[in-house]
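# Structure assessment
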Amino acid sequence: MKRVLMTATVPSMIGQFNMDNIKLLQELGYTVDVACNFDDYSVWNRERIKKFESELKELKIKKINISFSRSPKNIKNIINSYKQIKQLLNDKNYSLVHTHTPISSFITRLAYKKSNIYGTCKMIYTAHGFHFFKGNASVKNFIFRNIEKIGAKYTNVLITINKEDYIAAKKFKLKKSGTVEYVPGVGIDIDKINLIKENKIQLCEELNIPKDAILILSVGELNANKNHKIVIEILPELPNNVHYLMCGDGQLKEQHERLAKKLHVSDRLHFLGYRKDVIKIMKSCDIFVFPSKREGLSVALMEAMACGCKVVCSQIPGMEEWLDEHVPGQQVEFVPLPEMTRVDEPKEEKLPEFEKKLAEAIEKKLEQQQEECPDLNGVSWEGISRTVLEMIT
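Below: a short report on this structure. Within every chain, residues take consecutive numbers counted from 1 along the sequence as written. Where totals are concerned, whole chains, interfaces and linings use all residues; where local detail is concerned, this predicted model gives features only for residues with pLDDT of at least 70, and gives and counts side-chain atom pairs only at 80 or more. To get the side-chain values, all heavy atoms of the structure are used, and hydrogens and water are removed first.

Moving on: the sheet that holds strand E11 (residues 287-290). In spatial order, the strands read E10-E9-E8-E11-E12-E13; together these six strands make up an open sheet with parallel pairing. Each edge of the open sheet carries a strand with a single partner, namely strand E10 (269-273) and strand E13 (333-335). On average, each strand axis in the sheet is tilted by 25° relative to the strand beside it, whichever way the strands run. If DSSP finds at least two bridges between two strands, the strands pair. Put simply, DSSP marks the helices as runs of H or I at least four residues long and the strands as runs of E at least two long, and each gets a number from the N terminus on. As paired strands, strand E8 (residues 214-219) and strand E9 (residues 242-247) are joined by six bridges and run parallel to one another. Along E9, the bridge assignment pairs Leu215 with His243. Against the sheet, helix H11 (residues 253-262) makes contact with E9 and E10, and its axis sits at roughly 165° relative to E10, the strand it touches most. Whenever a helix is involved, its axis is fitted only over the stretch in contact; in every case the axis is a line through C-alpha atoms, and angles between N-to-C directions fall within 0 to 180 degrees. Residues are treated as being in contact if the distance between any of their heavy atoms lies within 4.5 Å.

What follows deals with the nonpolar core. Core analysis: the largest hydrophobic core is formed by 76 residues, its most contacted members being Ile188, Leu217, Met282, Phe288, Met305, Cys313 and Leu323. Excluding anything up to four places from it in sequence, Met282 contacts Leu217, Val219, Phe288, Ala300, Glu303, Ala304, Cys307 and Cys309. As used in this record, nonpolar core signifies buried Ala, Val, Leu, Ile, Met, Phe, Trp, Tyr and Cys residues forming a set joined through side-chain atoms within 4.5 Å. The buried label applies to any residue whose accessible area, calculated with a 1.4 Å probe on protein chains only, is under 20% of its type's maximum; exposed applies above 50%, and partly exposed to all values in between. Ranked by size, the runner-up nonpolar core spans 32 residues in total, among them Ile64, Ile107, Tyr112 and Tyr125.

Now for the packing of helix H5 (residues 102-113) against helix H6 (residues 138-152). Geometrically, a packed helix pair is captured by the angle between its two axes and the distance between the axes. Running from amino to carboxyl end, H5 crosses H6 at an angle of 35°, the nearest separation of the two axes being 9 Å. Relative to H6, the crossing made by H5 is left-handed. Facing Pro102, Ile103, Phe106, Arg109 and Leu110 of H5, the residues of H6 in contact are Phe144, Ile147, Glu148, Ile150, Gly151 and Ala152. Residues are sorted three ways: Asp, Glu, Lys and Arg are charged, Ala, Val, Leu, Ile, Met, Phe, Trp, Tyr, Cys and Pro are nonpolar, and all the rest, Gly among them, are polar. Taken together, the residues of the contact of H5 with H6 sort by class into eight nonpolar, one polar and two charged. For any pair of crossing helices, the crossing counts as left-handed if the nearer helix is rotated counterclockwise from the farther one by less than a right angle, and right-handed if it is rotated clockwise.

Each reported salt bridge corresponds to a side-chain nitrogen of Lys or Arg within 4 Å of a carboxyl oxygen of Asp or Glu. For the structure on display, the rule yields 13 salt bridges. Its salt-bridge partner being Lys63, residue Glu53 comes within 3.4 Å of it at the nearest N-O pair. Separated by 10 residues along the polypeptide, Glu53 in helix H3 (residues 46-58) and Lys63 in strand E3 (residues 62-65) bring together distant segments of the chain. With its nearest N and O atoms 3.2 Å apart, the salt bridge here joins Glu221 to Arg70. Linking Glu221 in the loop between E8 and helix H10 (228-234) with Arg70 in the loop between E3 and helix H4 (75-91), this pair joins segments that are 151 residues apart in sequence. By relative accessible area, Glu221 is classed as buried at 14%. Under the relative-accessibility criterion, Arg70 is labelled partly exposed at 40%. Each of the salt bridges in this network shares a partner with another, and the network as a whole consists of Arg48, Glu55 and Lys276.

Structure below.
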């Protein structure tokens, strides 16, 4: 029996980005196990994780709880998760391990090196955006560059999803005969998106707002890096009929609520939480705002373009170049990020200029007519998934 292990720090990485890949592996005759920290509620809440566990059970996918931590400072969890994953690798005769997210992937590969299956099992690592890059804090760059450098030594195939990471990864020494590969993101299901219809009136009724309101949307975990705060801060500068919707859960929800109250825009800020109808919501909104400070390649951003949203995006390193190469006709309005003191901390004196430019970009999109959907065939899920499967199997 061919058995695959897929690991990530938290369940959302598997649930949001890898379920289609898992189903393809099952079609090829693989039995799939999933290992991550099912007790980490920083991205998905307890209810959502329980639902995901039921989905895995229905698909006959075994879930294994490993105490991975998202922080490299949590030494106790790192040691415990190393022991747990090593035991798992020794107990199961995996022919393939596919790992995601930096810390859990590092731990998984260290355990793999010391396991009984090191010589017979293929190790695949997909980097969804290296955590070292120009403009980041030097200490963080040092830590994460060395984490990736060490982990690469025990990797058969290292898959990157942007050219900047591909160039960086090519400098690493991999396992004997190992390769660094590049694919343009994780892909989107264009056919599925095209089947879903918008219903702005229904969405406005759900939110109890006027049917002619202008809807701005962001999708993602409510954390500092996603930078939703900056959009809330410019809401008072935008027309009163502009409402800001956020799909996603996270630890900053209460902080965002307090900020909106302070700025007297609570009635124009709407937390939708985790939604399974994100595509329908996107098709019902006018503008998609992606203000992240750092990112790999955003599936949500590509889905928003496929849904016909006008897009405003922070000028994340490599993003504009990637879109120009892979999405002909894209009309994203890019806003240069302010200078950072650390990865999640822009210089205070630079923020007003960033806020001004973001507001101007949104107002510019408000004035534009509806844009034609760009050519997204180069980032379709089916083509990318088949390419990845050829790399790893």
